[in-house]
Amino acid sequence: MNDNNKKQLKKTGRRPKEDPATIRYTISFNEQEHARFLALFDKSGMQVKAHFITSCIFDKTIKTIQIDKGTVDFYMRLTSFHSQFRSIGVNYNQIVKLLYKNFSEKKAAAFLYKLEKQTAEMAKLCQKIIQITEKFEEEYLKK
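Residues numbered from 1 in each chain as written. Predicted model: local features only at pLDDT ≥ 70, side-chain atom pairs only at ≥ 80, totals over all residues. Heavy atoms only, no water.

By the naming in an unreviewed UniProt entry, the protein chain goes by MobA protein and is assigned to Pelobium manganitolerans.

Peer 1: For this particular structure, what's the right way to read helix H5 (residues 105-141)?
Peer 2: One turn of the α-helix equals 3.6 residues, which is why residues spaced by three or four share an orientation. If you check H5, its first and last C-alpha atoms are 50 Å apart, about what 37 residues at 1.5 Å a residue would give, namely 54 Å. Ala108, Leu112, Leu115, Thr133 and Phe136 are the residues of H5 that are buried. In this structure, the buried side of H5 is in contact with helix H4 (69-102). (Helix = DSSP H or I, 4+ residues; strand = E, 2+ residues; numbered from the N terminus. Expected span 1.5 Å × (residues − 1). Buried < 20%, exposed > 50% of the residue type's maximum accessible area, 1.4 Å probe, protein only. Contact = heavy atoms within 4.5 Å.)

Peer 1: Can you help me understand the packing of aromatic side chains in this one?
Peer 2: Within a pair of aromatic rings, the relevant descriptors are the distance that separates the centres and the angle that separates the planes. Taken as a whole and assessed by the stated rule, the structure comprises seven aromatic pairs. With centroids separated by 5.6 Å and ring planes inclined at 55°, the aromatic side chains of Phe37 and Phe52 adopt a geometry described as tilted. Here Phe52 lies in helix H3 (residues 49-57) and Phe37 lies in helix H2 (residues 31-44), a separation of 15 residues in the sequence. According to the relative accessible area criterion, Phe37 is buried, its value standing at 13%. Consider the rings of Phe103 and Phe111, whose centres lie 5.5 Å apart with planes at 55°: the pair is tilted. On the accessibility criterion, Phe103 (37% relative accessible area) is partly exposed. With a relative accessible area of 34%, Phe111 lands in the partly exposed category. Pairwise contacts between aromatic rings join Phe29, Phe37, Phe41 and Phe52 into one cluster. (Phe/Tyr/Trp six-rings, centres within 6.5 Å; stacked < 30°, edge-to-face > 60°.)

Peer 1: What exactly am I supposed to notice about the pattern of salt bridges here?
Peer 2: Pairs may arise between side chains of opposite charge once their charged atoms sit close together. For the coordinates displayed, the defined rule picks out one salt bridge. For Arg77, the salt bridge is made with Asp73, and the minimal N-O distance between the two is 3.2 Å. Separated by four residues within a single helix, Arg77 and Asp73 lie in helix H4, roughly one turn from each other. (Salt bridge = Lys/Arg side-chain N within 4 Å of Asp/Glu carboxyl O.)

Peer 1: Where do I start with the side chain of Thr133 in this structure?
Peer 2: Within the secondary structure layout, Thr133 lies in helix H5. Residue Thr133 is classed as buried on the basis of its relative accessible area, which comes to 13%. A polar contact is formed between the side chain of Thr133 and the backbone oxygen of Ile129, at a distance of 2.8 Å. (Polar contact = N/O pair within 3.5 Å; in protein donor to acceptor, adjacent residues only side chain to side chain.)

Peer 1: Would you mind going over the packing of H4 against H5 with me for this structure?
Peer 2: In a packed pair of helices, the relevant descriptors are the angle between the two axes and the axis-to-axis distance. Between H4 and H5, whose axes approach to 12 Å, the crossing angle comes to 165°. Looking at the two axes, H4 sits roughly antiparallel to H5. As for how H4 packs across H5, the hand of that crossing is left-handed. Its residues placed into classes, the contact of H4 with H5 shows 20 nonpolar, three polar and two charged. (Axes fitted to C-alpha atoms, helices over the stretch in contact; angles between N-to-C directions. Parallel < 35°, antiparallel > 145°, perpendicular 65-115°, else oblique. Left-handed = near helix turned anticlockwise from the far one by under 90°. Nonpolar A, V, L, I, M, F, W, Y, C, P; charged D, E, K, R; others polar.)

Shown next as structure tokens:
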């Protein structure tokens, strides 16, 4: 009786599943079928081949995700450009504060005039970037 009580009190390890999958089947592919299977599995984005096979058998919906490396690269570069653009804005604010703090009104206004010209050019450049991005999205992403 003591042996049964010890086994019941011991609660270490993984809990057993309520409905364990114990029935197994095997399947054989030739080279072409195997290549096609792997291609479909890669497109599905699933991590486990067994889950992919069961979803195919029981007509569950399968997600297929295609990642375009060029699009990912474009957005990574656009993101880095955006961060540089923001840092320029921070530097712009610091320069304006320093100009009014360290120079006379007249001299600060002269420097600000030059800075305004550069800012206008940068605004035009930003508009071109927005147009290029919209064109890229229309041509390559909206399928």
